[in-house]
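Structural description and commentary
The primary structure of each chain is shown beneath.
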Amino acid sequence: MKFSKLNIVVFIGFIAIGGVLIMQLLMLNQAYTFEKKEVGEKIHFALQDVVNKIYRDNNSDLPAASPIKKVSEDYYVVNVDDAFEAPILEYYLNLEFQKVKLDMDYEYAIYDCASDEMVYGEYITDNGTSVKNEKKCENCFTKKEGLVYYFAVRFPDLKYSYISSLQQYWIYTGVLFLVLVIYVYSVFLMLKQKKYSELQKDFINNMTHEFKTPLSSILIASNYAVKQPEIEANPKLNKYLDIVIEQSNKLNQHVEKVLNVAKSDGMHRGIHKKEFNIMDSLQLVKDNALLKYNHATINLNSIKDDYSIYADEFHFYNIAFNIVENAVKYGPNGSTQVNINLVETPKKLEIRFTDNGPGIPKSHLDYVFDRFYRVPRENKEEVEGFGLGLFYVKKICDLHKWKISIINNPDKGITVTIAIPKKCIL
């Protein structure tokens, strides 16, 4: 199975982003585990110091076994095994929790052996003040069998504190996940567009090739038939055959143009650069355009006779002729004028094609270089072609890394400018 460069890039992109996301999730899990461990140790040390102070106040010896029992993630039972007062317990809890910087709400309850019940103490906020809070849960404290002097502490917001303390990790993970989603969506659109482009290119190639075979047969037969004595002797038949040949040649030119543009995606392989004088090419464009359109006026103006560049001479001629032909085709009948001016600036050489045609509506200027785009005209019978000429021009300029622009002139007509960087001029 063969993989295109696009598929390889997409695959590598998936691996890279997926790997980063997995690493971020692993780091998030490690940070969560570390945070739980750190908070648990803070609570344990604080409660142990509370027990130490109570035993010290009672002048009793500390037990050998740990008096702290972790019942659940947010619930602790502490066996004091000696009498203590509720206000003193609350004071010590606040003091020790502040020492270890345990900034979270908690509530506590004390076992009353007289009533054999857990007596609710207070709800203490993270700043150490007792308040009547709606989060109070007096029924959350249960008796612990086998103990007499003990108290229980509960942290209602402990699980939420883990999430808030890891806020930065959550943000990074969310951003990475969003990037992955956007990347997947972009790849999906790109592959879909690539598929449509390939189908379109295959359709154009097949269609144009199917046209070329019968066109060639028509041209061969027509050129043979027009030379026959019987046809030459009949002016009407001769005229009809001339029309067939003329229109067949025109259709053949359109087919060739479509074929060239259909291959534009891989055209960089067909660019053959060499040194040539663009003045010679532009003069050839002028001469051939005047042969085809003898009613037009074409002027070539330059302060120098030699501008040698390193580019594809064949494609340069084609794009220059394409621009001039468009200007003549859509210009005023019998009075079309095209000026080709070469203007040299410190950084580039500009080739400006200026005509006296009707111009292009401003709303269409941004789209004239798009494939198959044609500017709407009042007289649609004058419009020929498939909207591929300027697309081809733009493609060739892009492959040479030249800049091309089109603007409406202040009075009438348009100016198409090709800017060639000075580094390309020899």
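Anything mentioned here points back to the structure above.
Let me begin by describing the structure that accompanies this report. Treat the numbers as computed from the prediction; the structure is a model and nothing was measured. (Residues numbered from 1 in each chain as written. Predicted model: local features only at pLDDT ≥ 70, side-chain atom pairs only at ≥ 80, totals over all residues. Heavy atoms only, no water.)

1. Considering the pattern of salt bridges
Using the criterion set out here, one finds 13 salt bridges in the structure. Among the ionic pairs, E73 bridges to K70, the shortest N-O distance being 4.0 Å. (Salt bridge = Lys/Arg side-chain N within 4 Å of Asp/Glu carboxyl O.)

2. Notes on the environment of G121
Residue position: G121 is located in strand β4 (residues 117–124). Expressed as a C-alpha distance, the spacing of G121 and E107, which sit 14 residues apart in the sequence, is 7.1 Å. Beyond its immediate sequence surroundings of up to four residues, G121 is in contact with Y108 and A109. (Helix = DSSP H or I, 4+ residues; strand = E, 2+ residues; numbered from the N terminus. Contact = heavy atoms within 4.5 Å.)

3. Brief notes about the packing of helix α8 (residues 313–329) against helix α9 (residues 389–399)
In the contact formed by α8 and α9, the axes pass within 10 Å of each other and the chain directions differ by 145°. Our pair here, α8 against α9, has a crossing hand that is left-handed. Taking contact as the criterion, the partners of H315, N318, I319, N322, I323 and N326 in α8 are, on α9, G389, L390, Y392, V393, I396 and C397. Looking at the contact of α8 with α9, its residues break down into 7 nonpolar, 5 polar and no charged. (Axes fitted to C-alpha atoms, helices over the stretch in contact; angles between N-to-C directions. Left-handed = near helix turned anticlockwise from the far one by under 90°. Nonpolar A, V, L, I, M, F, W, Y, C, P; charged D, E, K, R; others polar.)

4. Quick word on the packing of aromatic side chains
Inspection of the entire model under this criterion finds 12 aromatic pairs. Judged by centre distance (6.3 Å) and plane angle (50°), the ring pair of Y106 and F155 falls under tilted. Taken together, the positions of Y106 in strand β3 (residues 106–112) and F155 in the loop between β6 (150–154) and α3 (158–165) put the pair 49 residues apart, joining distant regions of the chain. Across this residue pair, the class does not change: Y106 and F155 are buried. (Phe/Tyr/Trp six-rings, centres within 6.5 Å; stacked < 30°, edge-to-face > 60°. Buried < 20%, exposed > 50% of the residue type's maximum accessible area, 1.4 Å probe, protein only.)

5. Describing the sheet that holds strand β1 (residues 68–72)
Taking strand neighbours across the sheet as the criterion, the 6 strands line up as β1-β2-β6-β3-β4-β5 in an open arrangement whose pairing is antiparallel. Since the sheet does not close on itself, it has two edges, and those belong to β1 and β5 (130–131), each with one partner. Note: β1 against strand β2 (residues 75–79), 4 bridges, orientation antiparallel. Within β2, the residue paired with K70 across the bridge is Y76. Each of β3, β4, β5 and β6 touches helix α2 (residues 86–99); the most contacted strand, β3, lies at about 150° to it. (Pairing = 2+ DSSP bridges.)

6. As for α8
Turn by turn, an α-helix covers 3.6 residues, leaving residues three or four places apart pointing in a common direction. In a regular helix each residue adds 1.5 Å, so 17 residues correspond to 24 Å; α8 covers 24 Å between its end C-alpha atoms and thus fits that length. Within α8, 14 of the 17 residues are buried, which leaves the element mostly enclosed by the surrounding structure. The N-cap residue of α8 is D312: its side-chain oxygen and the backbone nitrogen of F314 are 3.1 Å apart. (Expected span 1.5 Å × (residues − 1). Polar contact = N/O pair within 3.5 Å; in protein donor to acceptor, adjacent residues only side chain to side chain.)

7. What to know about the side chain of N409
Mapped onto the elements, N409 comes out in the loop between β12 (403–408) and β13 (414–421). With a relative accessible area of 15%, N409 lands in the buried category. One polar contact links the side chain of N409 to the main-chain carbonyl oxygen of K412, over a distance of 3.1 Å. Setting aside residues no more than four positions away along its own chain, N409 makes contact with T354, D355, I414 and T415.

8. What to know about the environment of Y293
Examined against the element boundaries, Y293 turns out to sit in the loop between α7 (278–292) and β8 (297–301). Note on Y293: relative accessible area 13%, which makes it buried. For the pair Y293 and E325, spaced 32 residues apart in sequence, the C-alpha to C-alpha distance is 8.6 Å.

9. Let's talk about a negative patch on the surface
Taken together, the side chains of E275, D280, D305 and D306 present a region of like negative charge at the surface. Counting through the fold element by element, D306 comes out in the loop between β8 and β9 (308–311). Overall, D306 belongs to the partly exposed group, its relative accessible area being 43%. (Patch = residues over 30% accessible without salt bridge, like charges linked within 9 Å, V, L, I, M, F, W, Y side chains within 5 Å. Areas by Shrake-Rupley, 256 points an atom, 1.4 Å probe, with all protein chains shown as cover. Lys, Arg positive; Asp, Glu negative; His and termini not counted. Charge placed at Lys NZ, Arg CZ, Asp CG, Glu CD.)

10. Remarks on a nonpolar patch on the surface
Taken together, the side chains of I8, F11, I12 and I15 define a hydrophobic patch exposed on the protein surface, amounting to about 410 Å² of accessible area. Among the secondary structure elements, I12 is positioned in helix α1 (residues 5–57). For I12, a relative accessible area of 52% puts it in the exposed group.

11. A word on the nonpolar core
Grouped together as the largest cluster of nonpolar side chains are 48 residues, with contacts concentrated most on L342, F353 and W402. Residue contributions to this core peak at 9 residues, all from α8. Apart from residues no more than four positions distant in its own chain, L342 is found in contact with I278, M279, L282, L300, N301, S302, Y307, L349, E350 and I351. Core analysis: the second largest hydrophobic core is formed by 28 residues, Y76, Y92, M104 and F151 among them. (Core = buried A, V, L, I, M, F, W, Y, C linked by side-chain atoms within 4.5 Å.)

12. Description of the sheet that holds β12
Pairing is mixed across the open sheet formed by 5 strands, whose spatial order is β8-β10-β11-β13-β12. A strand with exactly one partner marks an edge of an open sheet, and here the two such strands are β8 and β12. On average, adjacent strands in this sheet sit at an angle of 15° to one another, irrespective of strand direction. Against the sheet, α8 engages β8, β10 (337–344), β11 (348–355) and β13, with an angle of about 30° to β11.

13. A few points about the packing of α7 against α8
It is the contact of α7 with α8, at a shortest axis distance of 9 Å, that shows an interaxial angle of 45°. Accordingly, the angle class assigned to the pair α7 and α8 is oblique. You can see that α7 and α8 cross each other, and the crossing is right-handed. In this structure, α7 contributes I278, S281, L282, L284, V285, N288, A289 and K292 to the contact, and α8 contributes E313, F316, Y317, A320, F321, V324 and E325. Looking at the contact of α7 with α8, its residues break down into 10 nonpolar, 2 polar and 3 charged. (Parallel < 35°, antiparallel > 145°, perpendicular 65-115°, else oblique.)

14. Examining α2
Taking 1.5 Å per residue, 14 residues should reach 20 Å; α2 reaches 20 Å between its end C-alpha atoms and fits that length. Of all the positions in α2, only L89, E90, Y92, L93, N94, E96 and F97 are classed as buried. Backbone geometry just after α2 places K101 at a positive phi near 60°.

All quantities given are derived from atomic positions and should not be read as evidence of function.
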